[in-house]
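The residues making up each chain are set out below.
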Amino acid sequence: MRDRACQSWVSLAERKDSFVFLTGDLGFRALEPLRAALGDRFINAGVAEQNMVSVAAGLATQRLDAWVYSIAPFCYARPYEQIRNDVCQHGLPVKLVGNGGGYGYGAMGATHHALEDYGSLVVLPGMRAVVPAFGDDVEPAIAQLAAQAGPGYLRLGRCEAPPSWTPPPFSAWRRLLAGARGVVVAVGPLVGPLVAALLERPEAERPAVWLLGVLPIEPAQIPADLLDTIERSGALLVAEEHVSTGSAGEAIARSLLERGVHVACFEHVCARGYPSGRYGSQAWHRRECGLDAVSLIERSAKLWSEVG
Amino acid sequence: MRLGCPLGSRKPRIGLAWLALPSLPFTSLHFLVRPLTDTLGRPIAMTDLPATSTDHNELARRARLRLLRMHREAGVGHIGGNLSALDAMLVLHHRVMGSDDTFILSKGHAAGALYVTLWTLGELGDEALTQFHADGSMLSGHPVARWTPGIPFATGSLGHGLPVSAGIALAHRLQGQRGRVFCLCSDGEWQEGSNWEALIFASHQRLASLVLLVDQNGLQGFGSTDEVGGIANLRERFEAFGIAATECDGHDAAAIESALADDVTGSQGPRAILLHTVKGKGVSFMEGKLEWHYLPLDDELYARAVAEIEAG
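As the structure is a computational prediction, the values presented were derived from the model and not from experiment.

Reading guide: rules and limits
Residues numbered from 1 in each chain as written. Chains lettered and ligands numbered in written order. Predicted model: local features only at pLDDT ≥ 70, side-chain atom pairs only at ≥ 80, totals over all residues. Helix = DSSP H or I, 4+ residues; strand = E, 2+ residues; numbered from the N terminus. Buried ≥ 20, exposed ≤ 12 C-beta atoms within 10 Å, placed from the backbone. Contact = placed C-beta atoms within 7 Å. Pairing = 2+ DSSP bridges. Axes fitted to C-alpha atoms, helices over the stretch in contact; angles between N-to-C directions. Nonpolar A, V, L, I, M, F, W, Y, C, P; charged D, E, K, R; others polar. Expected span 1.5 Å × (residues − 1). pLDDT = per-residue confidence, 0-100. Left-handed = near helix turned anticlockwise from the far one by under 90°. Arc of directions from axis to C-beta. Core = buried A, V, L, I, M, F, W, Y, C linked by C-beta atoms within 7 Å. Parallel < 35°, antiparallel > 145°, perpendicular 65-115°, else oblique.

Concerning the overall build of chain B
If you tally the helices and strands in chain B, you get 11 helices and seven strands. The 312 residues of chain B split such that 49% are buried. At a minimum sequence separation of 6, the contacts of chain B that also span at least 24 residues come to 75%.

Regarding the sheet that holds strand β2 (residues 42–44) of chain A
Residue and element names in this part refer to chain A. Overall, mixed pairing links the seven strands, which are arranged β2-β1-β3-β4-β6-β5-β10 in an open sheet. Looking at the sheet topology across the chains shown, the edges are occupied by β2 and β10 (214–215). When strand β4 (residues 95–99) meets strand β6 (residues 152–156), the two strands line up parallel, connected through five bridges. If you follow Gly98 over to β6, its bridge partner there is Arg155. Of the strands in this sheet, β1 (19–23), β3 (65–71), β4 and β6 touch helix α1 (residues 2–15), which is tilted by about 145° from β1.

Here we look at the interface of chain A and chain B
Interfaces are often described in size by the accessible area the parts lose on coming together. The interface is formed by 24 residues belonging to chain A together with 22 residues belonging to chain B. Of all the secondary-structure elements, those providing two or more residues to the side of chain A that touches chain B are α3 (49–61) and α5 (80–88) of chain A. No other element matches the nine residues that α3 of chain A contributes to the side of chain A that touches chain B. Each residue belonging to the side of chain A that touches chain B can be placed in one class, and the counts come to eight nonpolar, 12 polar and four charged.

Topic: helix α11 (residues 299–311) of chain B
Across its 13 residues, α11 of chain B extends 18 Å between first and last C-alpha, which sits within 8% of the 18 Å expected from 1.5 Å per residue. Backbone geometry just downstream of α11 of chain B places Gly312 of chain B in the positive-phi region, at approximately 75°.

Description of the confidence of the model for chain B
All names here are of chain B. Of all residues in chain B, 81% attain a pLDDT of 70 or more, and the chain-wide mean is 84. Counting interchain partners and residues more than four positions distant, the pLDDT-below-50 stretch residues 1–53 has 85 contacts. Here the prediction assigns the complex a pTM of 0.90, and the interface score ipTM is 0.95.

Notes on the packing of helix α3 (residues 79–96) of chain B against helix α4 (residues 111–120) of chain B
All names here are of chain B. Relative orientation of the contacting elements α3 and α4 amounts to 35°, with a least axis distance of 9 Å. Classified by chirality, the crossing of α4 by α3 is right-handed. On the side of α3, the interface is formed by Asn82, Ala85, Leu86, Met89, Leu90 and His93, while α4 contributes Gly112, Ala113, Leu114, Thr117 and Thr120. Looking at the contact of α3 with α4 residue by residue, the classes come out as six nonpolar, five polar and no charged.

Considerations on helix α9 (residues 224–233) of chain A
Given 3.6 residues to a turn, an α-helix orients residues that are three or four positions apart in the same direction. Residues and elements named next belong to chain A. Along α9, the residues that are buried comprise Leu226, Thr229, Ile230 and Ser233. The arc that holds the buried residues of α9, viewed along the axis, is 100°, so those residues lie on one side. Exposed positions of α9 whose direction lies more than 90 degrees from the buried face are Ala224, Asp228 and Arg232. Buried positions along α9 lie against β7 (173–177), β8 (183–187), β9 (208–212), β11 (235–240), α10 (248–258) and α12 (293–307). Two residues or fewer past α9, Gly234 is found with a positive phi of approximately 80°.

Overview of the nonpolar core
Core analysis: the biggest nonpolar cluster contains 173 residues, and Leu22, Ala56 and Val68 of chain A have the highest contact counts within it. Looking at which element gives the most residues to this core, the answer is α3 of chain B, with 10 residues. Setting aside anything within four residues of it in sequence, one finds Leu22 of chain A in contact with Ile43, Ala45, Met52, Val55, Ala56, Ala66, Trp67, Val68 and Tyr69 of chain A.

Examining the environment of Val184 of chain A
Residues and elements named next belong to chain A. Position of Val184 among the secondary structure elements: in strand β8. With 55 residues separating them along the chain, Val184 and Ala239 place their C-alpha atoms 7.3 Å apart. Among residues more than four places away in sequence, those in contact with Val184 are Leu194, Pro207, Val209, Leu237, Ala239, Leu296 and Ser300.

Quick look at the packing of helix α2 (residues 56–74) of chain B against α3 of chain B
All names here are of chain B. In contact at an axis separation of 10 Å, α2 and α3 are set at 140° when each is read in the N-to-C sense. Our classification of the angle between α2 and α3 gives oblique. Seen along the crossing, α2 lies across α3 with a hand that is right-handed. When α2 is examined against α3, the residues His56, Leu59, Ala60, Ala63, Arg64, Leu67 and His71 are found in contact with a partner set consisting of Ile79, Asn82, Leu83, Leu86, Asp87, Leu90, Val91 and His94. In the contact of α2 with α3, the residues fall into nine nonpolar, four polar and two charged.

Focus: the sheet that holds β7 of chain A
All names here are of chain A. Across the sheet, which stays open at both edges, the five strands sit in the order β7-β9-β8-β11-β12 with mixed pairing between neighbours. Strands at the two margins of the open sheet, each flanked by one partner only, are β7 and β12 (265–269). Mean inter-strand twist for the sheet, computed between neighbouring axes without regard to direction, equals 20°. Pairing geometry for β11 and β12, over five bridges, is parallel. Paired with Val238 across the strands is His268, a residue of β12.

Structural notes on the environment of Pro223 of chain A
Tracing the chain through its elements places Pro223 of chain A in the loop between β10 and α9. Taking the C-alpha atoms as reference points, Pro223 of chain A and Ala172 of chain A, separated by 51 residues in sequence, lie 9.7 Å from one another.

Side note on the environment of Ala37 of chain A
Residues and elements named next belong to chain A. Assignment of secondary structure puts Ala37 in helix α2 (residues 32–38). Looking at Ala37, the number of C-beta atoms within 10 Å reads 19, which means it is partly exposed. Each C-alpha atom of the pair Ala37 and Val10 lies 6.4 Å from the other, and the pair is 27 residues apart in sequence. Beyond its immediate chain neighbours, meaning those up to four positions away, Ala37 contacts Val10 and Ala13.

Here it is, written out as structure tokens:
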């Protein structure tokens, strides 16, 4: 996704003189085209993320569109107070870009994982998080953030879409697959392997798969046909590479209560940190948390059987 | 030196209009600044504004009295650090800053001194100051965001003002705009790592329009800066970061103004001015006393403080 993002920013920079990009010394073999396109508006702010975010806030007070880039945890956790005070309390349109959301940096270790990023950010005033799941999502996700008057967060990952399958265009809610055995709502690229595993199954033998791409959730904007499918099937599984507290799963459960939608069986499959105390690739962590496609399909089937 | 500068003579923050009217008294100029309203948007009567002052000492005397009254009425502390920073804020706003310039108060706990400074400029009315710390007010103990142009940024958590100021200075350069950015911070604030990050950044980016002022009163919340953080040699530290640094008496208006003169160092990058100040300046029982970082005034002490300042 990073290359697609770079292309999108180059395109954005060509259209907007106000575009300024700051990186916390990240972008080797990825952001060079952007650096070349932006000249002095591409700023390597060094390994100093607190300063970088406050500088971005200062730039934004002068009507510049400041984007801040780093590995996800260094983008949201290290400078959290700067995001809260300098960006969000002032309602400034600073855009944070966290590369490698969830367990994206895998075996690089826990310091490089971002398991609480969008949950801890969207509690801040005016903050909206955008989570593209596929390569084709990146450009519209960046365009959506660029058009947003307030602060924003872009969680980048790896495109894991099945080959020769085209997802529907990016939006807050998308139905990726129709299905008759309950509903799975996923956040982020982990949905790719799930779609790949379910794609060839008949609709009658698989759950419907929906994808959420924008947080926080606005309950009134949850599609009526999703609510209807959830209520009729009675089985909802939410899957995301994020810890439970502050998650999309929590917000969906609350939204369903507020909308008066009854769900007989609800399960939230999420990041559980490091249950074994050991570390590995993103795929390994997903398996440990039950977030891999095989586990998700098994749990969804079990949920469906409980409803039946 | 422009001693005798009338109260409220700062260049108004609009275009070049002031250039045609530089010698008019404040009462003739204030309409160019902005309509005067209190925090509830009500018009402020001209009679609420302080009378024209003839020199910094008189201006500072009135400002100190108003600052003490404000803190007494609100029953709050942080007085010591307000009194140490007040002279620099008055000099900046009355003698130095122009319409293109920006002031960021990084030591947000000196908000009272900033409110009083804006009061001396007629940008806040007397009625507005009665709202200090009040319910439903905009005049919090630390400045809040988005309510008056005189306070372009909310601060209070230390170590934020300088990096934000660096961002503003960088934006000016990128957009080819004029304007200096003055950032006033405390000395204890230099225990914050983000300040050193900002110093590296500002120095590397050669942000020549950025001027850092340090209210070096030597005391912080629970000890002296030496006892707590051992940061007495800030000048050497700044210079080691490539920052041109000077020092002056932070209560001497002429010295502050002189130190703030544009060409004083010939620096091609940001510069710093270490203001030697006294916590609680102007009130003998507060001066240099740690407890006046936090303590509020009772009636008896308030009366003593007022009597001292009125006596000059």
